[in-house]
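Architecture and fold: a report
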Amino acid sequence: MKRFVFPALFVLLAWSARAEWKYPATKTVDVADTYFGKTYPDPYRWLEDLKDKDVEAWYKAQAELTDSLLAKIPGRDALAEEWMKLDKLKPADYGSITYENGRVFYKKTLGGENVGKLFYRDGWNGAEKLLFDPATYKAGVVTTIQSFHPSWDGKYVVLGFSSGGAEYSEIRVLDVEKGTLLPESIYPSYGPHGWTKDGKSFFYDAGKVTDIKSVDIEQNRKTRLHTLGTEVSTDIDFFSNESYPELGITAKEFPEALIEESSPDYVIGNVGTVQNEMRMFIAPASAMQEKKMPWQVLCQPSDELVRGFTLHEDHAYAITHAGAPKYKVIRTSVQHPDWAHAETVVPEGPDPIQAIVKCSHYLLVVYSNGVVGRLAKYDFASGKLSEIPLPISGTLSVSCPDWKTDRCLVNITSWIVPKTTYDFDAGKETFEKSIFNTDVSYPGFENLVTEEVEVPGQDGVMVPLSIVHRKDIVLDGSNSCILDGYGAYGMSATPRFSMRNSVATHGVVLAFAHPRGGSEKGEAWYRAGFKTTKPNTWKDFIACAEYLVKKGYTRPAKLGGTGTSAGGILISRAITERPDLFGAAICNVGCANALRLEFSANGPVNTPEFGTVKDPVECAALAEMDGVLHVQPGVKYPAVMGVGGWNDPRVPVWESGKFVAALQNATASGKPVLMKVNFDNGHFTEEKLVTFKNFAGQVAFLLWQTGHPDFQPSN
């Protein structure tokens, strides 16, 4: 394929002028699929073969064009530098805090530091000790700690290392006292699951296929058991469709086995896809010495257990939406589970339940109305449920690293207020700022305000919308605005602080839609943006865009829309349904070719959420949510940039690539349609430098195309 080269005198026109963009040549092929009597042309199918040299050359040519244009936008690098400067103001960020046998393990990332290191303390207030720096692992390669699990005695830590954003880990074991890695190495894996009681063995994810680029990499996964000091080749196939065919584990389901330290007498086997309703088995841990585990059903999807599950003494506790659209907590006997007749211990309330977390004497219940979180505790002994007054208002998350005590950690944040971490004593109901809290003030954020409104959807349903902007903006339609949306898997887009929100200090309106498909209003809100009801997701997004225009926050030429991952459905269909409503759009590692998703590595596991082409109703729904299929020639589409990660195991780069190819050949607006490819990245990465540069490029593109004066290339 011919490689695109810029003419020496190429002049980048300002956003308001019509320009002819000399894209790399994109052929079309005569390929189509026929499902249930309907034929769906797929002229860009050839772009799916990422191992083909011509295909790789096409993506590289597209990336070179995009990189060259983005480099000419004056505000891009300044924005990335701004985020790095803000990041350096924070002393440190702490994550994955775990307590084992008197030792506190955690990942710590200093302000301005690219990736985090593993530390530990002897006791909560002990001296901090560096346990492992991933920068020392492989020379010349940026390695991140994807996951880690300390053994129950605190003597070992099993780690999952990753590089290049591929998410697949190399598993290694660290001796805590010696600070050295044991010789065994396991790759590729989605990571370790946890340890056995004696601290000599750990469970981990494995598969039959070792080529992480293979479309079969996620098929027939299994949990294996490794004993320290033994050959990896001798590891036991502990839980899979091969070792236990009688359990009916399908090829697309992920079987995960583990032992909860607070309930060491049981092994839990979870069999999952993206479906929220859980399917679990249970067996006595004592049977691990036998050739076969006597697995018994603990719960099935028909029991409608979602979001949270834990064991306490003789009972299993779980969140359910059965008869409770905003969820309730129920319990049943571990020995004889009967969820149909389970006891309700936390009834449905006015706000949806988000999570349950166990400590020694209480079950903590986290609620959210989509904006503000609440906390309650259920007393295991008395059965009493009581509300906990919070020190500040905001989005709430809770963890209890040491289940043997009632000492927990509570994080509270919002759109423009950084996270505050508290030590919470569940018994005394007291909050104190934690040793893991880092107070920080970011300049400019004091000039921002947030608004939480509801806007009428196309069918009259009220849709939540969050708006962040400078206090002094004028609602005259002159502001550049970036509207973001997701709406899938029942995941709520609750307010969370990000330094990237500093864009609002530049006079940009930031808006966050909460469309159906999330669960801001409970299970019914989720199901109203699911499979056949998925159109509500992008129509709610369109309604939010219309509201922003109607109220003067922006106007169509100044409005940019974004959707990431499953949000690719939202943004690709919003701009193909209402191209007149947006000046620009970003499809970031997005699913824009839903009809073909099932045929990617991560596709089968996602069929419970979006549907399958094997079912006539679901197939038609997939076609309706497919952005590529809805691109029409001669339409004046907004400026669009697709973004893909070459190593992305979740949404392959061709999802955005095919959407971009179709738009380049179809649009009549003269606005640019570009494809940004991150060849050293996947779906996301921990690396700050890569992340900041990536998102700075996306924001710069939107602000260039919506006319922000700080992002206009000079002629």
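Basis of the calculations
- Residues numbered from 1 in each chain as written.
- Predicted model: local features only at pLDDT ≥ 70, side-chain atom pairs only at ≥ 80, totals over all residues.
- Heavy atoms only, no water.
- Helix = DSSP H or I, 4+ residues; strand = E, 2+ residues; numbered from the N terminus.
- Rg over C-alpha atoms; globule rule 2.2 N^0.38 Å.
- Buried < 20%, exposed > 50% of the residue type's maximum accessible area, 1.4 Å probe, protein only.
- Contact = heavy atoms within 4.5 Å.
- Areas by Shrake-Rupley, 256 points an atom, 1.4 Å probe, with all protein chains shown as cover.
- Lys, Arg positive; Asp, Glu negative; His and termini not counted.
- Charge placed at Lys NZ, Arg CZ, Asp CG, Glu CD.
- Pairing = 2+ DSSP bridges.
- Axes fitted to C-alpha atoms, helices over the stretch in contact; angles between N-to-C directions.
- Phe/Tyr/Trp six-rings, centres within 6.5 Å; stacked < 30°, edge-to-face > 60°.
- Lys NZ or Arg CZ within 6 Å of the ring centre and 35° of its normal.
- Left-handed = near helix turned anticlockwise from the far one by under 90°.
- Nonpolar A, V, L, I, M, F, W, Y, C, P; charged D, E, K, R; others polar.
- Disulfide = S-S within 2.5 Å.
- Core = buried A, V, L, I, M, F, W, Y, C linked by side-chain atoms within 4.5 Å.
- Polar contact = N/O pair within 3.5 Å; in protein donor to acceptor, adjacent residues only side chain to side chain.
- pLDDT = per-residue confidence, 0-100.
- 1 Å grid on protein atoms, 1.4 Å probe; cavity = no way out; pocket = protein on both sides within 12 Å on 5 of 7 lines; lining within 4 Å.
- Points joined across faces, edges and corners; volume = space filled by probe spheres on them.

Take the overall build of the protein chain next. From N to C terminus, the protein chain includes 10 helices and 39 strands. Since a compact globule built from 715 residues should have a radius of gyration of about 27 Å, the 26 Å found for the protein chain is in line with a globular shape. Principal-axis analysis of the C-alpha atoms places the extent of the protein chain at approximately 70 × 55 × 55 Å. For the protein chain, the residues scored as buried account for 60% of the 715 residues in total. When contacts within the protein chain are restricted to residue pairs at least 6 apart in sequence, long-range pairs at least 24 apart make up 59% of them. Summing over all exposed atoms, the protein chain offers an accessible surface of approximately 28000 Å²; the carbon and sulfur share of this is 51%. With 74 positive and 87 negative side-chain charges, the protein chain shows a spacing of 4 Å between the two charge centroids.

Reading across the sheet, the four strands line up as β28-β29-β30-β31 and stay open at both edges, with antiparallel pairing between neighbours. Among the strands making up the open sheet, the edge pair consists of β28 (395–399) and β31 (430–433). Sheet twist, expressed as the mean angle between neighbouring strand axes with direction ignored, is 30°. Pairing analysis gives four bridges linking strand β30 (residues 420–425) to β31, with the strands arranged antiparallel. By the bridge assignment, tyrosine 422 is partnered in β31 with lysine 433.

For the rest of this paragraph, the subject is the packing of aromatic side chains. With the rule as written, the count across this model stands at 42 aromatic pairs. For the pair tyrosine 99 and tryptophan 124, a centre-to-centre distance of 5.7 Å together with 15° between the ring planes defines the contact as stacked. Here tyrosine 99, found in strand β3 (residues 92–100), pairs with tryptophan 124, found in the loop between β5 (117–122) and β6 (129–132); they are 25 residues apart in sequence, far enough to count as distant. As far as burial versus exposure is concerned, tyrosine 99 and tryptophan 124 are alike and both buried. Measuring from centroid to centroid gives 4.7 Å for phenylalanine 239 and tryptophan 295, while their planes differ by 45°, and the two rings are tilted. Residue phenylalanine 239 is located in strand β15 (residues 236–239), and its partner tryptophan 295 is located in the loop between β18 (280–284) and β19 (296–299); the two are separated by 56 residues in the primary sequence. Taken individually, phenylalanine 239 and tryptophan 295 each receive the classification buried, so the pair is uniform in this respect. Three or more aromatic residues joined by ring pairs make a cluster, and in this case those are Tyr94, Tyr99, Tyr106, Phe119, Trp124 and Phe436. Across the ring face of tryptophan 46, the terminal group of lysine 27 is positioned such that the distance to the ring centre comes to 4.9 Å. Lying across the ring of tyrosine 244, lysine 292 places its NZ or CZ 4.5 Å from the centre.

The next point concerns the packing of helix α4 (residues 535–550) against helix α5 (residues 567–577). Relative orientation of the contacting elements α4 and α5 amounts to 65°, with a least axis distance of 9 Å. Every pair of crossing elements has a handedness; the one defined by α4 and α5 is right-handed. Between α4 and α5, the residues in contact are Thr537, Trp538, Lys539, Phe541 and Ile542 and Ile569, Leu570, Ile571, Arg573, Ala574 and Glu577, respectively. Tallied by class, residues from the contact of α4 with α5 come to seven nonpolar, one polar and three charged.

Attention now moves to the state of the cysteines. One pass over the full model with this rule turns up one disulfide. One disulfide in the model links cysteine 400 with cysteine 408; its S-S distance is 2.3 Å. Here the S-S torsion is close to 95°, and the disulfide linking cysteine 400 with cysteine 408 is therefore right-handed. One exposure class covers both cysteine 400 and cysteine 408, and it is buried. Left without a disulfide partner, cysteine 481 is nearest to the cysteine sulfur of cysteine 544, which lies 10 Å away. Relative accessible area serves as the criterion here: at 1%, cysteine 481 is assigned to the buried category. Sulfur of cysteine 587: no disulfide; nearest cysteine sulfur belongs to cysteine 591 and is 8.3 Å away.

In this structure, Tyr59, Leu465, Leu483 and Phe701 are the most contacted members of the largest nonpolar core, which totals 110 residues. Core analysis: the next-biggest nonpolar cluster, separate from the first, contains 28 residues, Trp152, Tyr244, Ile259 and Val271 among them.

Turning our attention to the side chain of lysine 377. As for its position among the elements, lysine 377 is in strand β26 (residues 373–379). For lysine 377, a relative accessible area of 7% gives the class buried. Here the side chain of lysine 377 touches alanine 426 through a polar contact of 2.8 Å, landing on its backbone oxygen. Among residues more than four places away in sequence, those in contact with lysine 377 are Tyr362, Leu363, Leu364, Lys384, Leu385, Ser386, Ile388, Ala426, Gly427 and Glu429.

Detail in the predicted coordinates should be disregarded across regions flagged by low pLDDT. Mean pLDDT over the protein chain works out to 95, with 97% of the residues at or above the 70 mark. Note that residues 1–19 has pLDDT below 50 and, in this model, 38 contacts with residues that lie over four places away or in other chains.

Residue pairs spaced three or four apart in an α-helix point in one direction, given the helix's 3.6 residues per turn. Within α5, 10 of the 11 residues are buried, which leaves it mostly tucked inside the rest of the structure. Every buried residue of α5 is accounted for by Gly567, Gly568, Ile569, Leu570, Ile571, Ser572, Arg573, Ala574, Ile575 and Thr576.

Our next topic: the layout of surface pockets. Considering only enclosed or pocket space, the second largest pocket measures out at about 510 Å³ in volume. If you trace the second largest pocket, you find 23 residues lining it, with Leu50, Lys213, Ser214, Pro652 and Trp654 closest to the centre. Across the lining of the second largest pocket, the residue classes tally to 13 nonpolar, four polar and six charged.

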